[in-house]
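# Commentary on secondary and tertiary structure
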Amino acid sequence: MLNRIEKIYILFFLGAISLLLATLFSVVFFYGLALILLLGFTLLMVYSTMEYIISREPDDLWKIGFIGLFGLIGLIPFFSMGFFGFFGFFAYFGLKS
């Protein structure tokens, strides 16, 4: 697995953990940390996707396709459909392989 794909995993899971900690402990620091980590995850994901479209690199971008399963949370009432659509984007990479 390429280093960039590993960074995508790390940013996603650290962002999810800090968001969980912010919810449990109501500390403002964790909200800011979660925002920064998830923004970095999104930017790195968009950059990797654009690079894949242009140069077909990285080859193992499909390995992040499992993240698309988190989009199913968007189907739960009181969650946004945007949540479903955003993570549905990652399902594309999982189904492509």
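Above this note sits the structure.
Reading the values: the criteria
- Residues numbered from 1 in each chain as written.
- Predicted model: local features only at pLDDT ≥ 70, side-chain atom pairs only at ≥ 80, totals over all residues.
- Heavy atoms only, no water.
- Helix = DSSP H or I, 4+ residues; strand = E, 2+ residues; numbered from the N terminus.
- Buried < 20%, exposed > 50% of the residue type's maximum accessible area, 1.4 Å probe, protein only.
- Contact = heavy atoms within 4.5 Å.
- Areas by Shrake-Rupley, 256 points an atom, 1.4 Å probe, with all protein chains shown as cover.
- Phe/Tyr/Trp six-rings, centres within 6.5 Å; stacked < 30°, edge-to-face > 60°.
- Core = buried A, V, L, I, M, F, W, Y, C linked by side-chain atoms within 4.5 Å.
- Axes fitted to C-alpha atoms, helices over the stretch in contact; angles between N-to-C directions.
- Parallel < 35°, antiparallel > 145°, perpendicular 65-115°, else oblique.
- Left-handed = near helix turned anticlockwise from the far one by under 90°.
- Nonpolar A, V, L, I, M, F, W, Y, C, P; charged D, E, K, R; others polar.

So, about the overall build of the protein chain. In terms of helices and strands, the protein chain carries three helices and zero strands. Per-residue burial for the protein chain yields a buried fraction of 29% across its 97 residues. Of the contacts formed within the protein chain by residues at least 6 apart in sequence, a portion of 55% connects residues at least 24 apart. For the protein chain, the accessible area works out to roughly 6400 Å², and carbon and sulfur atoms hold 78% of it.

Scanning all chains against the criterion turns up three aromatic pairs. A ring pair is formed by Phe12 and Phe13, whose centres lie 5.4 Å apart and whose planes are at 70°; its orientation type is edge-to-face. Put simply, the rings of Phe12, Phe13 and Phe41 pair up and form one aromatic cluster.

Attention shifts here to the nonpolar core. Formed by Ile5, Ile8, Tyr9, Phe12, Phe41, Leu44 and Met45, the largest nonpolar core amounts to seven residues. Those elements that place two or more of their residues in this core are α1 (3-25) and α2 (28-55). Among the elements that line this core, the one with the most residues is α1, at four residues.

What follows deals with unusual backbone geometry. Although it is not a glycine, Ser26 adopts a positive phi angle of roughly 50°. With respect to the secondary-structure elements, Ser26 resides in the loop between α1 and α2. You can call Ser26 exposed: its relative accessible area is 55%.

A few words on the environment of Ala16. Positionally, Ala16 belongs in helix α1. Judged by relative accessible area, which is 37%, Ala16 ranks as partly exposed.

This part takes up the packing of α1 against α2. The geometry of α1 relative to α2 is characterised by a closest axis approach of 8 Å and an angle of 155° between their N-to-C directions. Compared by their axis directions, α1 and α2 come out roughly antiparallel. By crossing handedness, the relation of α1 to α2 is classed as left-handed. Of the residues assigned to the contact of α1 with α2, the class counts are 18 nonpolar, five polar and three charged.

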